[in-house]
Amino acid sequence: MSIDTPQAARSVAAKGLVLSLDDGLLQNLKSAAAPHQAALNMQFQRGRIEDTASVIDVHAYSLFVIDIDSQNRESLQALQELMITLRGETPVIVITEGFDEIVARWLLQIRVTDFATKPINAAELIKTCLSAVHTNAQLPGREASITTFLPATGGVGVTTLAIETAFLKHINSRKSGRTSTCIVDLNFQNGSCADYLDMEPRLNLSEIENTPERLDRQLMEVMLNYHPTGIAVIAAPNRPAEMRSFNPELVTRLLDLAASHFDHVVIDMPRTWFAWTDAVLTGSNQLFLVTEMTVPGLRHGQRLLKSIEERLEGAVKPLVIVNRFEERTFGPALKRADVEAALGTRFAGTVPNNYRLVREAIDRGVPLEAVKAGNNISTELRKIVMPEAVSSTSQHNSKGLSLPFKRLFAR
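Fair warning: this is a prediction, and the values are worked out from it, not measured in the lab. (Residues numbered from 1 in each chain as written. Predicted model: local features only at pLDDT ≥ 70, side-chain atom pairs only at ≥ 80, totals over all residues. Heavy atoms only, no water.)

Participant: Give a detailed account of the overall build of the protein chain, specifying residues and quantitative values.
Facilitator: Per the secondary structure count, the protein chain includes 19 helices and 13 strands. The burial tally for the protein chain puts 50% of its 411 residues in the buried class. When the accessible surface of the protein chain is summed, it comes to about 18800 Å², and 48% of that surface belongs to carbon and sulfur atoms. (Helix = DSSP H or I, 4+ residues; strand = E, 2+ residues; numbered from the N terminus. Buried < 20%, exposed > 50% of the residue type's maximum accessible area, 1.4 Å probe, protein only. Areas by Shrake-Rupley, 256 points an atom, 1.4 Å probe, with all protein chains shown as cover.)

Participant: Residue-level account of the packing of helix H13 (residues 295–311) against helix H14 (residues 336–343), with values.
Facilitator: Interhelical geometry of H13 versus H14 gives an angle of 20° and a closest axis separation of 10 Å. Of the possible angle classes, the one that applies to H13 and H14 is roughly parallel. Here H13 runs over H14; the crossing is right-handed. When H13 is examined against H14, the residues Leu298, Gln302 and Leu305 are found in contact with a partner set consisting of Val339, Ala342 and Leu343. (Axes fitted to C-alpha atoms, helices over the stretch in contact; angles between N-to-C directions. Parallel < 35°, antiparallel > 145°, perpendicular 65-115°, else oblique. Left-handed = near helix turned anticlockwise from the far one by under 90°. Contact = heavy atoms within 4.5 Å.)

Participant: Requested: an account of the state of the cysteines, with residues and values cited.
Facilitator: Taken as a whole and judged by the stated rule, the model has zero disulfides. No disulfide involves Cys193; its nearest neighbouring cysteine sulfur is the one of Cys182, lying 10.0 Å away. (Disulfide = S-S within 2.5 Å.)

Participant: Tell me about the pattern of salt bridges, residues and numbers included.
Facilitator: Throughout the structure, instances matching the rule amount to 14 salt bridges. Among the salt bridges present, the one from Lys118 reaches Glu97, with a minimum N-O distance of 3.8 Å. Highlighted residues: Lys118 in the loop between strand S5 (114–117) and helix H6 (122–138) and Glu97 in the loop between strand S4 (92–96) and helix H5 (101–109), separated in sequence by 21 residues. In this structure Glu97 comes out as exposed when scored by relative accessible area, which is 57%. Note that Arg336 is salt-bridged to Glu340, the shortest N-O span being 3.2 Å. Here the residue Arg336 and the residue Glu340 both occupy positions in helix H14, the gap between them amounting to four residues, near one helical turn. Looking at Glu340, the relative accessible area reads 38%, which means it is partly exposed. Among the charged side chains, a salt-bridge network with shared partners connects Asp22, Asp67, Glu97 and Lys118. (Salt bridge = Lys/Arg side-chain N within 4 Å of Asp/Glu carboxyl O.)

Participant: Describe the packing of aromatic side chains, with residues and values.
Facilitator: By the definition in use, this model includes four aromatic pairs. Feature note: the residues Phe188, Phe274 and Trp276 constitute an aromatic cluster, connected by ring pairs. Above the face of the Tyr61 ring, Lys15 is positioned so that its terminal group lies 5.0 Å from the ring centre. (Phe/Tyr/Trp six-rings, centres within 6.5 Å; stacked < 30°, edge-to-face > 60°. Lys NZ or Arg CZ within 6 Å of the ring centre and 35° of its normal.)

Okay, here's the thing in structure tokens:
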């Protein structure tokens, strides 16, 4: 989509930066941008992103056009770091020498606004820049907060924590007027979110699994359901006899749509690792691994922590929640100090065991707070998942969905 200059014009022109080593490209874009300076004041700099990103005041610009070498690991690393810094608040258009399907998919997953391959039609690219700046100016200033729960072992209560987190965030956000919250159950084989809330799962995967591009806002509305509290739920009917993995593009598109249309997205992950798991974890603002207060549970938590940090090369900073916590004063049972020693700085906190409360909430299809306001589970969970309680962690995580670099170069 393109727009005319008068529509994009504002009293103060938006400021854009073009970064490239291609002198011909810089000159062509400079000539094409000249008639539109009233709307978009483009600046042109000769250089590489890996050499200049650290000295650029990224928050001084409303748009970036970056020419990268898609075969250069340092260039891709610098681009991802820029996307993390910008947190999706500034449009980024990427230019590459030629089309590469793997790199193109990765660019979409880290949420660049658009990408183009040489030779470039300079006039069309400037129109794309104007459109991107205009569209971005119409968007809300804040993005969706994505919180993901991943079990370290089976039966640790991930679904209960995910559901209660969604309700806590929904209630808390009413103060700022941003109240739309969505739970996404990605356990397509044995998910329980819809059952816990006594709702019909409406996500029809068979209709869209072969053509994920069909999934748009209108179709998503048909395939989600709303709890009486106002929480949206995206869940598919269980397929317990089928162990299937879906096209990663389907999952990332589903989450992209949810993130674009809800203020808070809470994801209930399966324990099994799929081709799309990396992208979901990397795209989360908050990532919590859930385990239990047993020696095997803590060991599973330690191993999962290590595996994620090695596999995703430090792109995310997961924290561990110990659920169903009970500390005994006497006897040989595990103590909180043992948990802290085992998990170190990755220990997020504990959630107490209150089986009777959880069972009643599940049987009634309501949040824990509806059964007993101020209950001990909600109180402790709020301390862990509320943004003000975990701000030091969320600042390290990117909303953009990305792939680990080693997969880009494993050809």
